[in-house]
Amino acid sequence: MYMQANIALPVNRLGLAKAMGLVAASHLDTVLDKLKDILDTVGDSIFKRIMSFFSDSAKMEESDDVHAALALMYGYAAKYAPSTVIEARIDALVGTNMLSRLLNVRHPTAKQAVITAIDLLGQAVIGAAESGISFPLKRRDMLLDYILTLMGRDDEDGLSDSNLELLHTQSLALSACTTLVSVEPKLTTETRNLVLKATLGFFGLPNDPPDVMDGLIHNLITLLCAILVTSGEDGRSRTEQLLHILRQIDPYVSSSVEYQRQRGCLAAYEMLHKFRTVCVGGYCSLGCQGSCTHSRRFDRASNYNFSNLPSAFVSPSRDALCIGERIMVYLPRCADTNSEVRKTSAQIVDLFFSVSLSLPRSSNSSFGLDIELCYTALSALEDVIAILRSDASLDPSEVFNRVVSSVCVLFTKDELVAALHVCSAAICDKIRQSAEGAIQSVIEFITKRGKELNEADISRTTQSLLSAVIHVTEKYLRQETLHAISSLAENTSSRIVFGEVLAAAERDIATKDVSRLRGGWPIQDAFHAFSQHAVLSCSFLDHVTSILNQTPVFQGGPGKGENPNIFGESLEEDNVLHAAITALTAFFRGGGKIGKRAVEQSYGSVFATLVLHLGTCHCLANSGQHEPLRALLVAFNAFCECVGDLEMGKIVARDSEQNEEDAWIGLIGDLAGCISIKRPKEIPTICSILCKSLDRSPKYMREAAAAALSEFVRFSDSLGSLLEQMVEGLTRHVSDDSPNVRRLCLRGLVQMPPVHVVQYTTQILSVIVALLDDPDESVQLTAVSCLLTVLATSSTDAVEPVLLNLSVRLRNLQICMNAKIRANAFAAFGALSKYGFGPQRDTFLEQVHAAFPRLVLHLHDDDLGVRRTCRNTFKSISPLMEFNGITALANTHRLSSDHRADYEDFLRDIAKQFTQHMSSRVDTYMGSIIQAFEAPWPVIQANAIYLCSSVIASSSDQHISALYHSQVFGMLMGKISRSTDAIVRATGSLALGLLLKSANYSSWKVARLDPTDSSGRETESSRRQ
């Protein structure tokens, strides 16, 4: 038969092969021996084939014909052979690797013949199983590898298959693979992945020619279903197989190419349909649906005890299907532009839920489903599908709405959460209509069932939606996705949603230049969406301000309650600060009428927040981080523009990022003054917030709060009980760690309207007494300046209890190096003089006499301000002195003159008054004057030298001469010889002349200079200078 057949013709090869198969039905061994002889005859085929590459193609085609015929004959021999003897023959054929000798073919028809032969081997195994003789096909995985090799394109051999023939070959290969995976043993994971990798790409092949491609895709889907049925051992493993394959198909389901979406959806539908048949309705070992001869042996056992069934009958759990994730893959297809895709995807959704409702529920899952309601929803979904099958003209949007409504009911809580977590991919679908449908479905899920979500669910859903906002390229879809985020915030916890958006902004700011992103910054669009939302605008504004008020800042040194060891952790907090400020700016600029209304409603809290963070951002700027300050100034200007406060905007513009401490504190004061005039109704709200902020840990926040309160308190006439709260807060914080807070709080207490200052005078004076001794000069200056203000309106009853304390502290400040403090100390001492006529007169008079010599010396201070205040103070206290001569001197032109000669005349005059009318005080005066020889100011040293000499020269008291001549003379000699200051040396010489001309010459002529004393004094003087 073989010798007579013309095997060059495919039809003859097929006839010969079938004839051989018929003979093998009764003479199998004889046929196999003859076939082996033929194969041995062409045993040199490998060598001949190699040589054929270098000769004509006719010989290669002849070799292909022989191999093709042999392969078919082997295949049909196995197909028609008796089932009782076929196992050993197939094992011998496959086990000896004889088939590998038939693989060296290149012609498409020869490849198809070899593939058919392998397919027939697999069918023989299946046929034997149907006859009750089951056995595994040895080296099945090797045969699969043969098929995958044969269906590939051999471009390198110069015999590139035509596209049509290649498609026929691939279609046959897929059918053969289906046969092989349907026999024992079970597919291994490695082999399954190999088959999927080699075949799934067929979904992407062009749709031409349609009839061939339809058959190929059908065979591919059949193969996938066979893999699903035969590669698992129970319901759970088959569920894993189903999900694995479906996820491999997902790229085609969501492809931008229409026919790829059709193929992907059809494959998913068929596989899910097969899964339902297998895992829910029972199946045979070959995956046949319904009753078949293969499963009869199980029927009797199943009537008695389900537990006796093989593990393959065990159903999977509903959780294992990952329904939430899967539905979000196919739901956008329900809104597809292609009607077949819409119909198929709706059927897929229906299948998923019909399967899920028939599966057992996991004990640890929170389903919480109303079964009756679920079946009603499933019935409604099936009604939609029935309509789609009969009427393709139904409005797609109506169909989609009904599908989404059913899905929303059918989801368990866990499935709903899972769907929302993976919604980003659906929203980014390549088909705009499908993407819109995905967004619509997410909004409906959130609107109807958002209350079921916990904090973690809301957080992850927000992250998924933000990912979609970032990745969608079309502006309209971005806006719709932002609408979904707004819906999530509105129907769940807005705090969590806002927090996630701000966290995303923080990450972007830390890693990107958000001002230069192509297409704009998506997170800023989210801020705009919140600001324009009628419900969310106010809550978002409140949330951002609360974030700002809760953000600690570590730079600039530790303040009250701050740990200096955590400065290095501040970068993250600074990013949070920057993100919140950026959100505020976007709100002010992009909120429109709704946003403006929200800002007006929260004007006080927003203004207070911005003011407080002026201090924070200046703190960061001082540490080298200028960007937060720039961002805050931009936000402040945007705020002014939003609410129409142009005057305040001009004040903010003056700041120009000046980092000087007085500059930004002054700016805050100016802003507070502007608000007090323009918006007095907002003062109570602002002051209430600022009072609480005095207790905050960050130093610069407390300073900003104190600066603003110290200005607002000027307009406190209508604050009522809030004023008491402000006074209490300001008073409590005069002992703050920050010098700025201390002085600003005191300034605030004094800047109250006069009627309130009178009410709190006693309290204010006690604060001033404490701060006059403050170690910080700026606080001392503020205290003595405020004392002057308070004394202008204070009653005698309020001042008398602290009169002595004030006098002592003012005397200490009169020798301060700071000229302003000295001037104010002398002025305040003079202001106290009007309270020196009551019960405290004698005590205060002692303080006056103790301070009087210093006052006289500073009448000619280097600083003009000190001179003027000393002159005024001299005039104020002169009535308290015990003789009229001082009052007369207060009215002479010498006191008001700035000429040195006039001042020296004045000193001689007052020295005479000392010696003539105040002999009992001369010792005290002289002690103070001699101490001033070592004053840090040369002019005061000169003044002391001249006054001391004038007193000695004017005195007729031998006691004075005996006590001071020698000491003063020695000191004068030391000053003249060693001082580096001309005025000290000149005045010393002049004073020496006074002593020489005095009538007491004889009393000091014999005096001896004490070198040690004068040297010691000079050394001390030199060191202080």
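Residues numbered from 1 in each chain as written. Predicted model: local features only at pLDDT ≥ 70, side-chain atom pairs only at ≥ 80, totals over all residues. Heavy atoms only, no water.

Asks: Teacher, can you tell me more about the state of the cysteines here?
Replies: By definition, a disulfide links the sulfur atoms of two cysteine residues through a covalent bond. If you walk through the whole model with that rule in mind, you get 0 disulfides. Residue Cys-640 stays outside any disulfide, its sulfur separated by 8.0 Å from that of Cys-674, the closest cysteine. (Disulfide = S-S within 2.5 Å.)

Asks: Help me out: how do you make sense of unusual backbone geometry in this one?
Replies: In most cases, non-glycine residues show a negative phi, while peptide bonds are predominantly trans. Residue Glu-184 is joined to Pro-185 through a cis peptide bond whose omega torsion reads 5°. Note that Pro-185 resides in the loop between helix H7 (163-181) and helix H8 (189-199). That bond from Asp-208 to Pro-209 is cis: its omega, 0°, falls within 30 degrees of zero. Note that Pro-209 resides in the loop between H8 and helix H9 (210-230). Its identity as a non-glycine residue notwithstanding, Arg-139 has a phi of 55°, on the positive side. Note on Arg-139: relative accessible area 43%, which makes it partly exposed. Its identity is not glycine, yet Cys-322 carries a phi of approximately 50°, on the positive side. Following the sequence through the fold, Cys-322 ends up in the loop between helix H12 (296-302) and helix H13 (323-330). (Helix = DSSP H or I, 4+ residues; strand = E, 2+ residues; numbered from the N terminus. Buried < 20%, exposed > 50% of the residue type's maximum accessible area, 1.4 Å probe, protein only.)

Asks: How do you make sense of the side chain of Ser-459 when you look at a structure like this?
Replies: Structurally, Ser-459 can be placed in helix H20 (residues 455-471). Residue classification places Ser-459 among the buried residues on the basis of a relative accessible area of 14%. Within the structure, the side chain of Ser-459 is placed 2.4 Å from the side chain of Glu-500, a separation counted as a polar contact. Contact partners of Ser-459, with chain neighbours within four places excluded, come to Ile-496 and Glu-500. (Polar contact = N/O pair within 3.5 Å; in protein donor to acceptor, adjacent residues only side chain to side chain. Contact = heavy atoms within 4.5 Å.)

Asks: Would you take a moment to explain the nonpolar core for this structure?
Replies: Generally speaking, soluble globular proteins have nonpolar side chains that are buried together. In this structure, Phe-588, Phe-607, Phe-636, Phe-639, Phe-852 and Phe-874 are the most contacted members of the largest nonpolar core, which totals 312 residues. Ranked by the residues each element gives to this core, the list is headed by H9, at 13 residues. Residues contacting Phe-639, with those up to four places away along its chain left out, are Phe-588, Val-599, Tyr-603, Val-606, Phe-607, Leu-610 and Met-648. Membership of the second largest hydrophobic core comes to 6 residues, among which are Met-20, Val-66, Ala-69 and Leu-70. (Core = buried A, V, L, I, M, F, W, Y, C linked by side-chain atoms within 4.5 Å.)

Asks: Is there a simple way to think about helix H16 (residues 396-410) in this case?
Replies: Side chains that are three or four residues apart share a direction in an α-helix, a result of its 3.6 residues per turn. Between its first and last C-alpha, H16 extends 21 Å over 15 residues, near the 21 Å set by a 1.5 Å rise per residue. Where H16 is concerned, the buried positions are Val-399, Phe-400, Val-403, Val-404, Ser-406, Val-407, Cys-408 and Leu-410. On its buried face, H16 is in contact with H13, helix H14 (339-357), helix H15 (371-390), helix H17 (413-421) and helix H19 (432-449). (Expected span 1.5 Å × (residues − 1).)

Asks: Even after reading the chapter, I still don't get the pattern of salt bridges, so can you show me in this structure?
Replies: Side chains that carry opposite charge are capable of pairing whenever their charged atoms lie near each other. Counted under the stated rule, the structure contains 35 salt bridges. Glu-455 is the salt-bridge partner of Arg-495, the closest N and O atoms lying 3.2 Å from each other. Residue Arg-495 is located in helix H22 (residues 494-511), and its partner Glu-455 is located in helix H20; the two are separated by 40 residues in the primary sequence. Given a relative accessible area of 47%, Arg-495 falls into the partly exposed group. Between Asp-513 and Arg-516 there is a salt bridge, and its shortest N-O distance comes to 3.4 Å. Overall, the relative accessible area of 42% leaves Asp-513 in the partly exposed class. Several salt bridges share partner residues, and in doing so they unite Arg-247, Asp-250, Glu-325 and Arg-326 into one network. (Salt bridge = Lys/Arg side-chain N within 4 Å of Asp/Glu carboxyl O.)

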